[in-house]
Amino acid sequence: MHVIIGGCRGTHPVAQPGYMRYGGETTSYLVEGAAGERVIVDAGTGVRALGARLQKQHGPRRVHLLLTHYHLDHTMGLPALGLLYDRRWTVTMAAPSRGRHVVRDVMPRLLHAPFWPLQVEDMGAAVRYRNLPRTCGTHPLRIGALRVRWCPVQHPGGCTAYRLEEGPKAVVVATDVEWARSTPAAQGALAALCREPTPARVLIMDGQYSRGTYAAHAGWGHSTWEECVALARATGVRRLLITHHAPDQTDRALDRLARQVARAWPDATLARTGERVRVA
Ligand SMILES: [Zn+2]
Ligand SMILES: [Zn+2]
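Peer 1: I tried to follow the coordination of the zinc ion (ligand 2) on my own but got confused; where do I start?
Peer 2: For a metal bound by four donors in tetrahedral geometry, the ideal donor-metal-donor angle is 109.5 degrees, whereas six donors in octahedral geometry ideally sit at 90 or 180 degrees. In this structure, His 69 (NE2), His 71 (ND1), His 155 (NE2) and Asp 176 (OD) serve as the protein donors to the zinc ion (ligand 2), at separations of 2.1 to 2.6 Å. For the zinc ion (ligand 2), the 4 donor atoms in the first shell make angles of 92 to 170 degrees at the metal, a pattern classed as irregular. All donors of the zinc ion (ligand 2) come from a single chain, and their spacing in sequence reads H-x1-H-x83-H-x20-D. The distance between the zinc ion (ligand 2) and the zinc ion (ligand 1) comes to 3.5 Å, with Asp 176 serving as a donor to both metals. Taken together, the residues span a long stretch of sequence, with His 69 in the loop between β4 (62-66) and α2 (72-75) and His 155 in the loop between β8 (146-153) and β9 (159-166) at a distance of 86 residues. Of the residues examined, His 155 reaches a relative accessible area of 5% and is grouped as buried.

Peer 1: It is not clear to me how the side chain of His 64 should be interpreted in this structure. Could you clarify?
Peer 2: By the element assignment, His 64 lies in strand β4. Since its relative accessible area comes to 16%, His 64 is described here as buried. With sequence-adjacent residues up to four places away left out, His 64 is seen in contact with Arg 38, Val 39, Ile 40, Thr 92, Arg 130 and Ile 143.

Peer 1: Sorry, what's going on with the pattern of salt bridges here?
Peer 2: Oppositely charged side chains may form a pair once their charged atoms are brought near each other. Scanning all chains against the criterion turns up 9 salt bridges. With a closest N to O distance of 2.6 Å, Glu 165 and Arg 163 form a salt bridge. Of the two residues examined, Glu 165 and Arg 163, each falls in the buried class. Counted as one network, the salt bridges with shared partners bring together Arg 147, Arg 149, Arg 163 and Glu 165.

Peer 1: What should I look at first to understand the nonpolar core in this one?
Peer 2: Nonpolar side chains in soluble globular proteins tend to be buried together. Residues Leu 78, Met 93, Tyr 162 and Val 171 are the most contacted members of the largest nonpolar core, which totals 55 residues. Every residue in contact with Val 171, bar those within four places of it in the chain, is listed here: Met 1, Val 3, Val 31, Tyr 162, Arg 163, Leu 164, Val 202, Ile 204 and Val 279. By size, the runner-up hydrophobic cluster in this structure holds 31 residues, among which are Ala 161, Ala 170, Cys 228 and Leu 254.

Peer 1: Hey, could you run me through the coordination of the zinc ion (ligand 1) in this one?
Peer 2: Summarising the metal site, the zinc ion (ligand 1) is bound by the protein donors Asp 73 (OD), His 74 (NE2), Asp 176 (OD) and His 244 (NE2), whose distances to it range over 2.1 to 2.2 Å. For the zinc ion (ligand 1), the 4 donor atoms in the first shell make angles of 93 to 165 degrees at the metal, so the coordination geometry reads as irregular. Each donor residue of the zinc ion (ligand 1) lies on the same chain, and together they follow the pattern D-H-x101-D-x67-H.

Peer 1: Explain the sheet that holds strand β7 (residues 141-143) here, please?
Peer 2: Strand pairs in the sheet, formed through backbone hydrogen bonds, run parallel or antiparallel to each other. Across the sheet, 7 strands lie side by side as β7-β8-β9-β10-β11-β12-β13; this open sheet has mixed pairing. Single-partner strands in this sheet number two, and they are β7 and β13 (268-270). Each neighbouring strand pair of the sheet contributes to a mean axis angle of 20 degrees, computed without reference to strand direction. Contacting β12 (239-243) and β13, helix α7 (residues 251-264) crosses the sheet at an angle of about 170 degrees to β13.

Reading guide: rules and limits
- Residues numbered from 1 in each chain as written.
- Chains lettered and ligands numbered in written order.
- Predicted model: local features only at pLDDT ≥ 70, side-chain atom pairs only at ≥ 80, totals over all residues.
- Heavy atoms only, no water.
- Donors = N, O, S within 2.8 Å, 3.2 Å for Na, K, Ca; no water.
- Tetrahedral: all angles 85-135°; square planar, octahedral: opposite > 155°, others 65-115°.
- Helix = DSSP H or I, 4+ residues; strand = E, 2+ residues; numbered from the N terminus.
- Buried < 20%, exposed > 50% of the residue type's maximum accessible area, 1.4 Å probe, protein only.
- Contact = heavy atoms within 4.5 Å.
- Salt bridge = Lys/Arg side-chain N within 4 Å of Asp/Glu carboxyl O.
- Core = buried A, V, L, I, M, F, W, Y, C linked by side-chain atoms within 4.5 Å.
- Pairing = 2+ DSSP bridges.
- Axes fitted to C-alpha atoms, helices over the stretch in contact; angles between N-to-C directions.

Structure representation (structure tokens):
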């Protein structure tokens, strides 16, 4: 199993020189299983390149799209997902319902008139929806040989962290989450997702802020990279990728941050668009 990072920028995309090494596309991650399973987490603008990659591959034309939440930086790439225009593909969108917001209602709305010329049902692909319970409990979602577990995390309007497992190997995607404002129960649930039944090999977590910058943004829904390192260490995670980079952070600023992060924990790096991470 491996993960391809289609986008790791938070809040909104950036497309200008000085930002392209870490990348300007917003959140989208592709998890590919050994047996050809494909799961995309989030449909930020990074989903465009991930979809194009899948269209070039052989194998079953099926993909699951798991949504952490519906904020635009995590969904605005949907109209650019080429698979949706290809009638040979089946796209299953899945997310826990959140109040009255159900995946079957929310996602097609991004393409409703007057926002887009085609509606989901006219685009070509077979689109299915899966409404997940708020937490998976003891019933993971099975996608081929992959198991998916999840739990709610603290973020304005709510958000979901996912764990994708292939045998004993697992990757946890936890974006967006505000650790400091999480209840002890919510912190415990995310820690358990990272640690159980085996410590995740890879954790991809929202560390948009640092200890110094967090206070000015408390309540905005994001964690500090120091909190990501502490959680990864406490739960036995092998490798940490910090994500949801602020849109005003240039490559040079992120290089400086990456050096600080590496000094704190050598197994932590900042995510980069296009990076391929083995979950081993
Ligand atoms: Zn976000
Ligand atoms: Zn958000």
